Amino acid sequence: MKPIYFDNAATTPVLESTLNKFKGWAKVYGNPSSQHQFGQNAREFVEAARHAVATTLKAPDDSIIFTSSGTESNTLVLHGIFLPYISKKEPAHLLISAIEHASVRQTAKFLSTCGIDVEEIPVTTTGIIDTEQLKSMIKPTTKLVSVQTINNEIGTRQPINEIGTICQAKNILFHTDAVQAFLKIDLDVSQLPIDFLSISAHKCYSPKGTGALFIRDKATLVPQLKGGPQEIGMRAGTQNTLGIRCFQESIEKLNESKTRLRDHIQELDSYFLQKISDLEFENHLLSNEKRTPGFINISFPPISSEDMILHMDTNNIAVSAGSACSTGSLDPSHVLKAMNLPKDVIHSAIRISLGIQNTKQEIDSFFSVLNKFITGI
Ligand SMILES: Cc1ncc(COP(=O)(O)O)c(C=O)c1O
């Protein structure tokens, strides 16, 4: 059987059109900061891609900077805001949601060891932030609220407009990690009260090694990588020209066929859910009305996540348990724990994340393997 990839929230396959043009783009080897023709050609790649990101987000071109990853974009925001408070020994408070990606959680944890007051905003049993709770947690020292747009494990969409509005009214900066949301849903920062927004190319059918960050007002952020004047002075270092060019291709292709691709994912998602409802053995679908199509988290107690993943892998099907980062250790997911789910449900949860390349036949194969596995026990 041809391998089936249902782990698109971890990373995505590179677009066919990108693979075909890759070698040609790789020949543009100039340094985008150089004045000569070679440099100008590389610079054109970077600026055209910047324009593509900016247009998609309805942001000015000069509010977008390229980084190496979603992790770097998230870290730049948290460090860029709080390290100055640490060096000045001034009190500062950071609020993050209890279900943020490790890149936000671990950075916040580090900041708390340096004296920053960090608190987690709890989520409901369906994985959504209670905005009344958020309001009650704001302090006079709160400098930043960081809440993701779409969760990478359960696909829940947070009320970022409402959260941003609450922050704006209190003069607090708002960052959203939109790594799982960019190109899957429309994001318009000309309307949304967002100060910083992180994205990552490899979640969008591009190679790994490129991220981007929307910065509304660069005066609010202290750059972390120091050196050359690249990226409007916010991120020194020669840009990953080739990765950035590939990202532009993804943005153009995904925007061009936006409706068709989103309909395709929605159709696959509904098909998957229909198949789940036909199952005759115990299962727990962690779904709610705020779930983004394509993110399916399901448990089959008492089968552990690890056993299920291994069994699927043996049958050439790639699924995961929670986020890719926690898969290595298979620690119980902090997201499912924050939702207060029963232990047996958490320990047997697997994530199926669908991509534009997936088909209904692949879903049929998944259920055929699943049925044989469970009824064979
Ligand atoms: C929600 C979220 N934020 C951040 C990241 C980190 O992005 P990157 O892999 O580009 O560092 C991920 C990756 O899984 C993610 O899902």
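Residues numbered from 1 in each chain as written. Predicted model: local features only at pLDDT ≥ 70, side-chain atom pairs only at ≥ 80, totals over all residues. Heavy atoms only, no water.

Let us look at the overall build of the protein chain. Looking only at helices and strands, the protein chain has 13 helices and 12 strands in total. The C-alpha atoms of the protein chain give 21 Å as radius of gyration, which agrees with the globular expectation for 377 residues (21 Å, within 12%). Viewed in the frame of its principal axes, the protein chain has a C-alpha envelope of about 65 × 55 × 35 Å. Looking at the protein chain residue by residue over its 377 residues, the buried ones come to 54%. In the protein chain, the share of contacts with a sequence separation of at least 24, taken over all contacts with a separation of at least 6, comes to 73%. Accessible area of the protein chain: about 16400 Å², with a carbon and sulfur share of 53%. (Helix = DSSP H or I, 4+ residues; strand = E, 2+ residues; numbered from the N terminus. Rg over C-alpha atoms; globule rule 2.2 N^0.38 Å. Buried < 20%, exposed > 50% of the residue type's maximum accessible area, 1.4 Å probe, protein only. Contact = heavy atoms within 4.5 Å. Areas by Shrake-Rupley, 256 points an atom, 1.4 Å probe, with all protein chains shown as cover.)

Taken domain by domain, the protein chain consists of domain 1 (4–13 + 258–375) and domain 2 (16–255). Domain 1 and domain 2 are separated by 27 Å when their C-alpha centres are compared. Both faces considered, domain 1 and domain 2 share a buried interface measuring about 2700 Å² in area, 52% of it formed by carbon and sulfur atoms. Of all residues in domain 1, Phe295, His334 and Met339 bury the most surface against domain 2, accounting for 21% of the area lost on that side. Our count for the domain 1 to domain 2 interface comes out at two salt bridges. Asp186 is the partner of Arg262 in a salt bridge, and the nearest nitrogen-oxygen pair spans 3.1 Å. Our count for the contact surface shared by domain 1 and domain 2 stands at 20 residue pairs in polar contact (both at pLDDT 80 or more). Broken down by secondary-structure element, the contributors of at least two residues to the side of domain 1 that touches domain 2 are helix H8 (258–277), strand E10 (295–299) and helix H11 (334–338). Sorting elements by how many residues they give to the side of domain 1 that touches domain 2 places H11 first, with four residues. (Domains from an automatic or database assignment. Buried area = accessible area lost by both parts, 1.4 Å probe. Salt bridge = Lys/Arg side-chain N within 4 Å of Asp/Glu carboxyl O. Polar contact = N/O pair within 3.5 Å; in protein donor to acceptor, adjacent residues only side chain to side chain.)

Right, let's get into the packing of helix H3 (residues 70–88) against helix H4 (residues 102–113). Running from N to C, H3 and H4 point in directions that differ by 20°, and their axes come no closer than 9 Å. Overall, the two elements H3 and H4 adopt an arrangement that is roughly parallel. Crossing of H3 over H4 shows right-handed handedness. Here Thr71, Asn74, Thr75, Leu78, His79, Phe82, Leu83 and Ile86 of H3 come into contact with H4, specifically with Ser103, Val104, Thr107, Ala108, Phe110 and Leu111. Its residues placed into classes, the contact of H3 with H4 shows eight nonpolar, six polar and no charged. (Axes fitted to C-alpha atoms, helices over the stretch in contact; angles between N-to-C directions. Parallel < 35°, antiparallel > 145°, perpendicular 65-115°, else oblique. Left-handed = near helix turned anticlockwise from the far one by under 90°. Nonpolar A, V, L, I, M, F, W, Y, C, P; charged D, E, K, R; others polar.)

We now examine the side chain of Asp269. Structurally, the position occupied by Asp269 is in helix H8. Filtering out sequence-adjacent residues up to four positions away, Asp269 remains in contact with Arg291, Pro293, Gly294, Phe295, Ile296 and Leu354.

Attention shifts here to the nonpolar core. The biggest cluster of nonpolar side chains holds 59 residues, and the ones touching the most others in it are Val53, Leu57, Val145, Phe182, Leu187, Leu197 and Phe247. Take this core: its biggest share by element is six residues, from helix H2 (residues 37–57). Both domains that meet at this core, namely domain 1 (4–13 + 258–375) and domain 2 (16–255), each give it at least three residues. Look past the residues within four positions of Val145 in its chain and what remains in contact with it is Leu95, Ile121, Leu134, Ile163, Cys167, Ile172, Leu173, Phe174 and His175. If you look at the next biggest cluster of nonpolar residues, it comprises 27 residues, including Phe272, Ile309, Ile317 and Leu370. (Core = buried A, V, L, I, M, F, W, Y, C linked by side-chain atoms within 4.5 Å.)

Inspection of the region around the ligand gives 13 residues, with Thr71, Asp177, Gln180, Ser200 and Lys203 positioned closest. The separation between an oxygen atom of the ligand and a polar side-chain atom of Thr71 is 2.6 Å. In this structure, Asp177 approaches the ligand through a side-chain N or O atom, which is 2.6 Å from a nitrogen atom. Burial of the ligand by the protein amounts to 89% of the accessible area it has alone, namely 390 Å². (Near = heavy atom within 4 Å.)

If you walk through the whole model with that rule in mind, you get eight aromatic pairs. Ring centres 6.3 Å apart and planes at 45° place the aromatic pair Phe82 and Tyr85 in the tilted group. With Phe82 and Tyr85 both in helix H3, this residue pair falls three residues apart, about one helical turn. The burial state of Phe82 is the same as that of Tyr85; both residues are buried. Members of the aromatic cluster, connected to one another through ring pairs, are Phe6, Phe272, Phe366 and Phe367. Across from the ring centre of Phe45, 5.6 Å away, lies the NZ or CZ of Arg245, which sits over that ring. (Phe/Tyr/Trp six-rings, centres within 6.5 Å; stacked < 30°, edge-to-face > 60°. Lys NZ or Arg CZ within 6 Å of the ring centre and 35° of its normal.)

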